[in-house]
Amino acid sequence: MVTCTGCALLCDDIEAIVENNRIKETRNACRRGAARMKGCVNRLVPSIDQQPTDIESSIRKTVDIIKNARSIMLFGWNNSTCEAQAKGIRLAKKLNAVIDDTSSFCQGLLIERILQKKLRTCSLDDIRNKADVLVYWGSDAQDSQPRHLSRFSYFPRGESRQRGYEEDRKAIAIDVRESNTAKICKGHFYRIPLKGDREFILALIEALSGKVPVYDTKKMLELAGILKKAEFGAIFVGIGLTYSIKEDFDILIALAEKLPNFNIMPMVGHYNMRGFNEALFKETGFVNRVKFEKEAIHDDKYSIMESLIEKNIDAIMIVGSDPLASLPRPILKDLASIPVVCIDPCISMTSKIATVTIPCAVTGVESGGTAIRMDGKLIRLSKIITSGYMPDEEIMDRLLEAIS
Amino acid sequence: MVTVMELYQLLPRTNCKKCGESTCMAFAVALLGRKKNVAACTPLLEVNFKPQKEKLESLLLPSAGAEETGLIVHPELCTGCGNCVVACPVDVANDPHGAGMGCAPTNDKVIFKVVDGKVIASNIKECRRFGKSRVLCYACIDPCPTGAIEFV
Amino acid sequence: MSMDIGKFLKSPEYEIKITTYRDIFQAEAMERDRFGEEYKMFSAAISISKIDMQKMGLKTKDRVRISNSHGSIIVEAKEAKKDEPGGLAFMVNSPWSNSLVSGDTQGKGIPEFKNINAKISLSKEEITTLETLIDTFTRKSITV
Ligand code: SF4
Ligand code: SF4
Ligand code: SF4
Ligand code: SF4
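Residues numbered from 1 in each chain as written. Chains lettered and ligands numbered in written order. Predicted model: local features only at pLDDT ≥ 70, side-chain atom pairs only at ≥ 80, totals over all residues. Heavy atoms only, no water.

### Observations concerning the overall build of chain A
Let me state the cut-off plainly: Put simply, DSSP marks the helices as runs of H or I at least four residues long and the strands as runs of E at least two long, and each gets a number from the N terminus on. C-alpha atoms define the radius of gyration, and 2.2 Å times the number of residues to the power 0.38 defines the globule rule. Here a residue-residue contact requires only that any non-hydrogen atoms of the pair lie within 4.5 Å.
If you tally the helices and strands in chain A, you get 19 helices and 18 strands. Against the 2.2 N^0.38 benchmark of 22 Å for 404 residues, chain A shows a C-alpha radius of gyration of 22 Å, consistent with a compact globule. Each of the three principal axes of chain A carries a C-alpha extent, and together these read 65 × 50 × 35 Å. Counted over contacts in chain A with a minimum sequence separation of 6, partners at least 24 positions apart contribute 69%.

This is the structure:
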């Protein structure tokens, strides 16, 4: 059994059939996982100024960049092992760097509150064994964490849920779109307008408090009724909800207080986003957007977005992430105008504009380590085949060595 | 998948009972469950019912690519989510501590398995739609997000 | 009819509201090859409700230009598979959809990835490639 790093479910029940040091077939992994494990067609090659070179030269050039930068950002981290992340944080400390990860414009707000224990949470195994009411909110798990419903939430028979999903569990979807997940939650799909989550939450809080909500009264009372009856409920908070209420995120805490039998689960995409958030939180008390000086300073201006807009970084090292593909176009020119080091197994948009590229091994396939599942459980990653590529942890070691 | 209604609408709908069933609807149900043959409805043999009869026969014919029992997985639609693996009552019964609990199947007696990110079906003779005490089970069709499973 | 006149003039432009979502088939394609045809096919597309398609006189497979002050792209239009009430169109999150997202986060660091306002019109141009998207912000174009 090996572990898939296709998403933060980190399915550790995968069989990989290896032939000639290649994964020939996968079993139990979903479509995305299977593709991930079999690997990309375009591996990255070491380069400087877009000219191919050898890896040692790439590392030397990187050392130059990180040493000479006045204010460098170390960014990415969500596709790295816990071990590489820990070393990345150490590197940031030594360099007095800014460190941020993709959670900065993803699920950071949510994970922060979970780690601060402002929101009740539980393990996925608890959900499998006990949950009777499941709410997918702004989350299309079927497409983002494809095995979520089958491994943990809706379909499996758990300790106190032995009679199968039709009888023992109820799945609800709240979304702006009838997603594949909403389709499965037949009869319990609540369509809301874009950016309508806040109003929906307010109305739901009213309904749960015994008041008559103004917003779609009938459906709201019906939903409140289901939620109140839950013995063990879970709200799976997707990126759709997080983005929609980002200006007033604590409204979610207010809702959770009205639902004492519910737990909040962050629906994380990248396989080790939570790992990075936990590691930085342990070190600094913050999940992202930190600048190391004498002490760790947290500020929104240290988010990758604001750092680029305000031009307060003069170089960036990106590990296992493709911000050129995932950030809004208007700030990409700012990203492309500073020295960029790109560490990744595959060619990406970012690697195409990078000053230096360093190819690394595919974690969970060519190198092992550990990672943290969306619910906080530590999962072991496997090395399935051998390759000449350096794991990112080793690249961090090399950089740490070179600067001390 | 053909529905009872589709079959019913092609029958003479006279409830003449010549097929041995009390109504045409009952006969349609029997056809779908493959308990009866189209030929049992003798009024259908009349010339003016020829197109209906042919349509019925083609609907009930297992189409190309189908397993002998009529279960088809469309691999291009399947996401490999495994919902069917875990929801199929046969898989639960035959592998309660593996597939039934949402884990990887632990034996070869299950009907559904995900290989290379797509489901393949085997042991289809175990499916509840077939055999002596067949029932019209939808437990793999309903949980499928993309309509990748079909019975013909 | 106004539509026939439209044929000879510039294609009519409509306001459109777009949100983004994730798609497992696109994610699979990305794992394989970020620069591949498959990834482009799933990403450079917009799915629009039947009602809105009719209103704008669009058919599945028509190419459309979608633009706003942040960027401009050519993608393929397709009718939404599921029954949608209209008023909102959908794109799979990708560098194409991100081309239309504002860089202004009001100092908070989280862009409005899922809340895009743009204009849409029929187009005969080729679908925007990832390479063109990169070209628009490489070092070269910056020094110009
Ligand atoms: S659900 Fe996620 S971790 Fe599990 S097999 Fe699919 S991609 Fe991999
Ligand atoms: S023999 Fe045909 S027409 Fe008569 S009841 Fe049966 S199905 Fe109906
Ligand atoms: S019809 Fe029922 S028994 Fe047959 S394969 Fe589907 S779920 Fe299993
Ligand atoms: S439920 Fe549908 S999509 Fe999921 S594995 Fe089964 S056939 Fe494939």
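### Thoughts on the packing of helix H4 (residues 108-115) of chain A against helix H14 (residues 273-284) of chain A
All names here are of chain A. Selection rule: Angles shown run from 0 to 180 degrees and are taken between the N-to-C directions of axes, each axis being a line fitted to C-alpha atoms and, for helices, limited to the stretch in contact. Roughly parallel here means an angle under 35 degrees, roughly antiparallel means over 145, roughly perpendicular means 65 to 115, and every remaining angle is called oblique. Helix crossings get a hand from a simple test, with the near helix turned counterclockwise from the far one by less than a right angle marking a left-handed crossing and a clockwise turn marking a right-handed one.
Across the interface, H4 lies against H14 with an axial gap of 11 Å and an inter-helix angle of 50°. With respect to H14, the element H4 is oriented oblique. The hand of the H4/H14 crossing is right-handed. Contacts from Ile 111, Ile 114 and Leu 115 of H4 reach H14 at Met 273, Arg 274, Asn 277, Glu 278 and Phe 281.

### Side note on the domain arrangement of chain A
All names here are of chain A. Rule in force here: Boundary definitions for the domains trace back to an automatic or database domain assignment. Buried area is a sum: the accessible area each of two parts loses on coming together, probed at 1.4 Å, counted once for each and added. Polar contacts here mean pairs of N or O atoms no more than 3.5 Å apart (in protein, one a potential hydrogen donor and the other a potential acceptor; neighbouring residues in sequence count only if both atoms are side-chain atoms).
Domain annotation of chain A identifies domain 1 (42-106 + 271-368 + 390-403) and domain 2 (108-266). When domain 1 packs against domain 2, the two sides together hide about 870 Å² of surface, and 66% of this comes from carbon and sulfur. Of all residues in domain 1, Cys 106, Arg 274 and Phe 281 give up the largest surface area on contact with domain 2, accounting jointly for 53% of the area buried on that side. Summed over the shared surface of domain 1 and domain 2, the number is three residue pairs in polar contact (both at pLDDT 80 or more).

### Digging into a nonpolar patch on the surface
Residues and elements named next belong to chain B. The cut-off we apply is this: Every patch collects residues that have over 30% relative accessible area and no salt bridge, joining them within 9 Å if they carry like charges and within 5 Å if they are nonpolar side chains (Val, Leu, Ile, Met, Phe, Trp, Tyr). What sets the accessible areas is the Shrake-Rupley method with a 1.4 Å probe; for residues, cover comes only from the shown protein chains. A side-chain nitrogen of Lys or Arg and a carboxyl oxygen of Asp or Glu constitute a salt bridge if their distance falls within 4 Å. When accessible area is computed with a 1.4 Å probe and restricted to protein chains, residues below 20% of their type maximum are described as buried, those above 50% as exposed, and intermediate ones as partly exposed.
Together, Met 5, Met 25 and Val 29 give the surface a local cluster of nonpolar side chains, amounting to about 240 Å² of exposed area. Relative to the elements of secondary structure, Met 25 occurs in helix H2 (residues 24-32). The exposure class of Met 25 is partly exposed, given its relative accessible area of 31%.

### Considerations on the pairing of strand S2 (residues 112-115) of chain B
Residue and element names in this part refer to chain B. Note the threshold: Paired strands, as defined in this entry, are two strands with at least two bridges between them according to DSSP.
Sheet topology places S2 next to strand S3 (residues 118-121); four bridges connect them, and they run antiparallel. Within the sheet, the bridge partner assigned to Val 114 lies in S3 and is Val 119. A loop of two residues connects S2 with S3, the two strands running antiparallel in sequence, and Asp 116 in this loop sits at a positive phi of about 55°.

### Quick notes on the sheet that holds strand S6 (residues 98-101) of chain A
Residue and element names in this part refer to chain A. Read from one edge to the other, the open sheet built from nine strands follows the order S4-S3-S16-S15-S14-S5-S6-S12-S13, with strand pairing classed as mixed. On the outer flanks of this sheet lie strand S4 (51-52) and strand S13 (296-298), each paired with one strand and no other. Direction of pairing for strand S15 (residues 340-344) relative to strand S16 (residues 356-359): parallel, over a ladder of four bridges. If you follow Cys 342 over to S16, its bridge partner there is Thr 357. Along the sheet, helix H2 (residues 55-68) contacts strand S3 (47-48), strand S5 (72-76), strand S14 (315-319), S15 and S16; its crossing angle with S16, the most-contacted strand, is approximately 130°.

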